[in-house]
Structure formats: structure tokens, C-alpha cells
Amino acid sequence: NIQSSRDFYVKSVTYCPENLLWKVWMGGARTELNFDNIDTARKLLKRALKEVPPKMKAMVLLECCRLEEYANEIDKAREILNKAKKYTKHEWKVFLESVLLEMRSNNMERAIQEAQKALLIHTGTGRLWAVMIQLK
């Protein structure tokens, strides 16, 4: 049940090294989302964003995007991805997620545009080329 999960997360917070707390918040957000507690999941992801090391920020931003997509807030998911592409330009997975979000939203023209922009930055990324070929 959810209360047992929450109790374990509280214990995890007390024992977890400070530099890894963001992972506990992210795990808690996933658990809350599994029980459709979207607002609680958002709060936990915001906390994770505050504590995540810069190198791992893209991972939390992707999780935020997926939460918004799950909540059917597609524009909000796009906004998060645009922010992620600005601040974590080195992460090709963020760019791929932008393409995939558009594909899942059945917006193929926009997906192609996203793929083209992504390939300008990440020219050697096979997964981006594969999705571009799939779209064409």
C-alpha cells in the first residue's frame, strides 16, 4: 500500500547520503504517480530538481516531462523539454524525448522539425538518425 511505501521513503531520506537524496525524491515521485497522486509527484520532482547535481539534471527534467505528459499537460511537457534542451544541451536523450513526445502526440510534422534541430547539435547520434529515418 502507499502508506508503507511512504514510510520506507521517509526512512530512506534519513539514511541516504545527501548527494543522493534527489534519487529518493524521484523514486517517491514515481511511487506517487503510480497511485495517481500527480500533485504530490510534482512536488517531489521539484525537490529533486533543487538537489540534483548539474550533470544529472537532464534525468530529472525528463521525469518531469513524462509526468506532465501522463497528466495530459502536453504544452507543459514541451516547455520543460525546451528548458532542458537549453540547460543540458550535451544530453542527446533530451532532444530524442522532444521528438518522441511529438510522435506520441501524433504531431509528425513537429516531430520532424524537432529531429532536424536535434541532428544539428548531435550529428553523430544514431538513435536520432534512426527516428528521423522512421519519420521520413
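Scroll up to find the structure.
Attention here is on the structure that accompanies the text. (Residues numbered from 1 in each chain as written. Predicted model: local features only at pLDDT ≥ 70, side-chain atom pairs only at ≥ 80, totals over all residues. Heavy atoms only, no water.)

**Digging into the environment of Trp25**
Next, step 1: Tracing the backbone shows Trp25 in helix H2 (residues 21–34).
Next, step 2: With 111 residues separating them along the chain, Trp25 and Lys136 place their C-alpha atoms 39 Å apart.
Next, step 3: Among the polar contacts made by the side chain of Trp25, one reaches the side chain of Glu51 at a distance of 3.2 Å. (Helix = DSSP H or I, 4+ residues; strand = E, 2+ residues; numbered from the N terminus. Polar contact = N/O pair within 3.5 Å; in protein donor to acceptor, adjacent residues only side chain to side chain.)

**Focus on the layout of surface pockets**
Next, step 1: Space inside the largest pocket adds up to approximately 250 Å³.
Next, step 2: If you trace the largest pocket, you find it lined by Arg42, Leu45, Lys46, Leu49, Leu61, Cys64, Leu67, Glu68, Lys76, Glu79, Ile80 and Lys83.
Next, step 3: Among the secondary structure elements, those contributing two or more residues to the lining of the largest pocket are helix H3 (38–51), helix H4 (57–70) and helix H5 (74–87).
Next, step 4: Looking at the lining of the largest pocket residue by residue, the classes come out as 6 nonpolar, no polar and 6 charged. (1 Å grid on protein atoms, 1.4 Å probe; cavity = no way out; pocket = protein on both sides within 12 Å on 5 of 7 lines; lining within 4 Å. Points joined across faces, edges and corners; volume = space filled by probe spheres on them. Nonpolar A, V, L, I, M, F, W, Y, C, P; charged D, E, K, R; others polar.)

**A closer look at a positive patch on the surface**
Next, step 1: Positive charge collects at one region of the surface, where Lys43, Lys46, Lys50 and Lys76 lie side by side.
Next, step 2: The element contributing the most residues to the positive patch is H3, with 3 residues.
Next, step 3: With respect to the helices and strands, Lys46 occurs in helix H3. (Patch = residues over 30% accessible without salt bridge, like charges linked within 9 Å, V, L, I, M, F, W, Y side chains within 5 Å. Areas by Shrake-Rupley, 256 points an atom, 1.4 Å probe, with all protein chains shown as cover. Salt bridge = Lys/Arg side-chain N within 4 Å of Asp/Glu carboxyl O. Lys, Arg positive; Asp, Glu negative; His and termini not counted. Charge placed at Lys NZ, Arg CZ, Asp CG, Glu CD.)

**Some details on the packing of helix H7 (residues 108–121) against helix H8 (residues 126–135)**
Next, step 1: Contact geometry for H7 and H8: axes closest at 10 Å, N-to-C directions at 150 degrees. In this view, H7 runs roughly antiparallel relative to H8, as classed from their interaxial angle. As for the relative orientation of H7 and H8, their crossing is left-handed in sense. Residues Met108, Ala111, Ile112, Ala115, Gln116, Ala118 and Leu119 of H7 pack against Leu128, Trp129, Met132 and Leu135 of H8.
Next, step 2: Split into classes, the residues belonging to the contact of H7 with H8 amount to 10 nonpolar, 1 polar and no charged. (Axes fitted to C-alpha atoms, helices over the stretch in contact; angles between N-to-C directions. Parallel < 35°, antiparallel > 145°, perpendicular 65-115°, else oblique. Left-handed = near helix turned anticlockwise from the far one by under 90°. Contact = heavy atoms within 4.5 Å.)

**Focus on H3**
Next, step 1: For H3, built from 14 residues, the straight-helix expectation of 20 Å at 1.5 Å per residue is met to within 8% by its first-to-last C-alpha distance of 20 Å.
Next, step 2: Taken as a whole, H3 has its buried residues at Ile38, Ala41, Leu44, Leu45, Ala48 and Leu49. What you see down the axis of H3 is that its buried residues fit within an arc of 145 degrees, all on one side. Opposite the buried face of H3, at more than 90 degrees from it, the exposed residues are Asp39, Lys43, Lys46 and Lys50.
Next, step 3: On its buried face, H3 is in contact with H2 and H4. (Expected span 1.5 Å × (residues − 1). Buried < 20%, exposed > 50% of the residue type's maximum accessible area, 1.4 Å probe, protein only. Arc of directions from axis to C-beta.)

**Focus: the pattern of salt bridges**
Next, step 1: Across all of its chains, the model carries 13 salt bridges by this definition.
Next, step 2: A salt bridge links Glu63 to Arg30; its shortest N-O distance comes to 3.0 Å. Here Glu63, found in helix H4, pairs with Arg30, found in helix H2; they are 33 residues apart in sequence, far enough to count as distant.
Next, step 3: For Asp39, the salt bridge goes to Arg42, with nearest N and O atoms at 3.1 Å. Residue Asp39 and its partner Arg42 are located together in helix H3, separated by 3 residues, close to a single helical turn.
Next, step 4: Each member of the salt-bridge network shares a partner with another, and the members are Arg66, Glu69, Glu97 and Arg104.

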